Amino acid sequence: MSQLNGNEIAIIGMSGRFPGASDLTAFWQNLCHGEESITQFDDATLRANGVTEKQLADRDYVRSGFTLADIDQFDAGFFHLTPREAQILDPQQRLFLECCWHALEHAGHVPQRYDGRIGVYAGVFSSSYLLNIYSQPGLVASLGEMAVRHGNEKDYLTTRLSYKLNLRGPSIAIQTSCSTSLVAVHTAMQSLLAGECDMAIAGGVSVLADQEAGYPWQAGGLLSPDGHCRPFDADAAGTVFGNGLGVVILKRLDDAERDGNTVYAVIKGSAINNDGADKVGFTAPSVQGQSEAIAEALSMAEVSADTIQLLEAHGTGTPLGDPIEIEALNRVWQSHTTRKGYCARGSVKGNVGHLGAASGIAGLIKATLALHHKQLPPTINFTRPNPNIPFEQTPFYPHTQLQPWAASAAHPRRAAVSSFG
């Protein structure tokens, strides 16, 4: 009996840059080795990036971060941009152009030789680079306010790529905070299934212009007091935001097989929703809302949770968010199975930090690489479970060692990925 329903979407190419990894080969090796790609900043570096003496004297100022190398390097000529045009372009948008080209190369497609329509669906963090531009009034005056806005406004991330590569499918900027990049993937899938495009680029980017600066920690806040992100751990006290970007190239599975593409993973279903007002505060998560989205994704995929062996969770390392996420997942899983401790639970945020608009795509790429390499990489910074998470009563177990991923005789390797915003 076929396990396909005709709505499957193939991932045929990927690209990404993450802390400690200039490409996906290095990213995968770091995941397998359990690397925490964190950078410690000395006082001279912090001063050079505008950190004040008062902040440096504060014992609660955290002197570390997850940085992305060489964000000032860009081949402007390749994309037919003048040096001055490149100078006012947000580094996030420069990096996105390069990342998408690399992903298309990875998929084996040159846009000029592809007969179908290629759509673009992605989102970007707010431009911190704009402050640098406005500090140079002569530069702004020489190019004009409109040119500066075009180089830094979120709306133009995807349409600039479509213009530069002559892509004729829909070009949609997606902005849903931390869930941006997976919502972009979901929207791209719907567009493919509706026939609006024949191939899609989907992902997200979140890179600060001034990365080499820490942050002030405040008790009861969202951020970690020591610069480490510890998803689902008893010592988890907050998240740490990092810098990175990633994209995937998507096709309808039938088309990918017809065209002889390499299929790195198959997406069988996805879902999105919103909590509305059913939560304690605007930034708080909701068990009910998350459960409904997870249940709908499984229903769309026509997959039982009993067959999923890897869960790449949102896993921010916050005392409130992590238990709520596991409770929401457990509610849904228990409607499918009574088994305990069979599904490995991971979160890439321990390795590279919380990448905001790019956090979901980082998790999807990690899960895709795990499927492709048939290995389960470890979740790091985990020693003992958050006391509010009864893992022994759930199907999930904290996975802390690299191990082979054996396929079941009854079904292929399967993973689930969550991202909430």
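For the structure, see preceding data.
First, a word on what this report is: a plain description of the structure on this page. (Residues numbered from 1 in each chain as written. Predicted model: local features only at pLDDT ≥ 70, side-chain atom pairs only at ≥ 80, totals over all residues. Heavy atoms only, no water.)

Scanning the entire structure with this criterion turns up two cavities of 30 Å³ or more. What the largest cavity holds in volume is close to 40 Å³. Forming the walls of the largest cavity are Glu312, Ala313, His314, Val348, Lys349, Ser359, Gly360, Gly363, Val417 and Ser418. If one sorts the elements of the lining of the largest cavity by residue count, helix α15 (residues 359–373) sits on top with three residues. If you trace the second largest cavity, you find it lined by Pro19, Phe27, Asn30, Leu31, Glu35, Ser37, Asn351 and Val352. Broken down by secondary-structure element, the contributors of at least two residues to the lining of the second largest cavity are α1 (24–32) and α14 (349–352). Among the elements that take part in the lining of the second largest cavity, α1 stands out by supplying three residues, more than any other. For the lining of the second largest cavity, the residue count by class is four nonpolar, three polar and one charged. (1 Å grid on protein atoms, 1.4 Å probe; cavity = no way out; pocket = protein on both sides within 12 Å on 5 of 7 lines; lining within 4 Å. Points joined across faces, edges and corners; volume = space filled by probe spheres on them. Helix = DSSP H or I, 4+ residues; strand = E, 2+ residues; numbered from the N terminus. Nonpolar A, V, L, I, M, F, W, Y, C, P; charged D, E, K, R; others polar.)

Here we come to the sheet that holds strand β7 (residues 199–206). If you trace the six strands from one edge of the open sheet to the other, you get β6-β5-β7-β9-β1-β10, paired in mixed fashion. Each edge of the open sheet is held by one strand with a lone partner, namely β6 (171–173) and β10 (265–267). Along the sheet, successive strands turn relative to each other by an average axial angle of 25°, direction set aside. The pairing of β7 with strand β9 (residues 244–252) spans seven bridges and is antiparallel. Each bridged residue has a counterpart across the sheet, and for Ser206 the counterpart in β9 is Gly244. (Pairing = 2+ DSSP bridges. Axes fitted to C-alpha atoms, helices over the stretch in contact; angles between N-to-C directions.)

A few words now on the sheet that holds strand β14 (residues 396–398). An order of β14-β12-β11-β16 is seen for the four strands of this open sheet, with the pairing classed as parallel. The open sheet has two edge strands, β14 and β16 (415–417), and neither has a second partner. Mean inter-strand twist for the sheet, computed between neighbouring axes without regard to direction, equals 30°. Seen against the sheet, helix α13 (residues 321–334) touches β11 (310–312), β12 (343–346), β14 and β16 and runs at an angle of roughly 145° to β14. (Contact = heavy atoms within 4.5 Å.)

Here the focus is the packing of α1 against α15. In the contact formed by α1 and α15, the axes pass within 11 Å of each other and the chain directions differ by 80°. Here α1 lies roughly perpendicular to α15, going by the angle between them. Two secondary-structure elements touch here, α1 through Leu24, Phe27, Trp28 and Leu31 and α15 through Ala362, Ile365, Lys366, Leu369, Ala370 and His373. Of the residues that constitute the contact of α1 with α15, the class distribution is eight nonpolar, one polar and one charged. (Parallel < 35°, antiparallel > 145°, perpendicular 65-115°, else oblique.)

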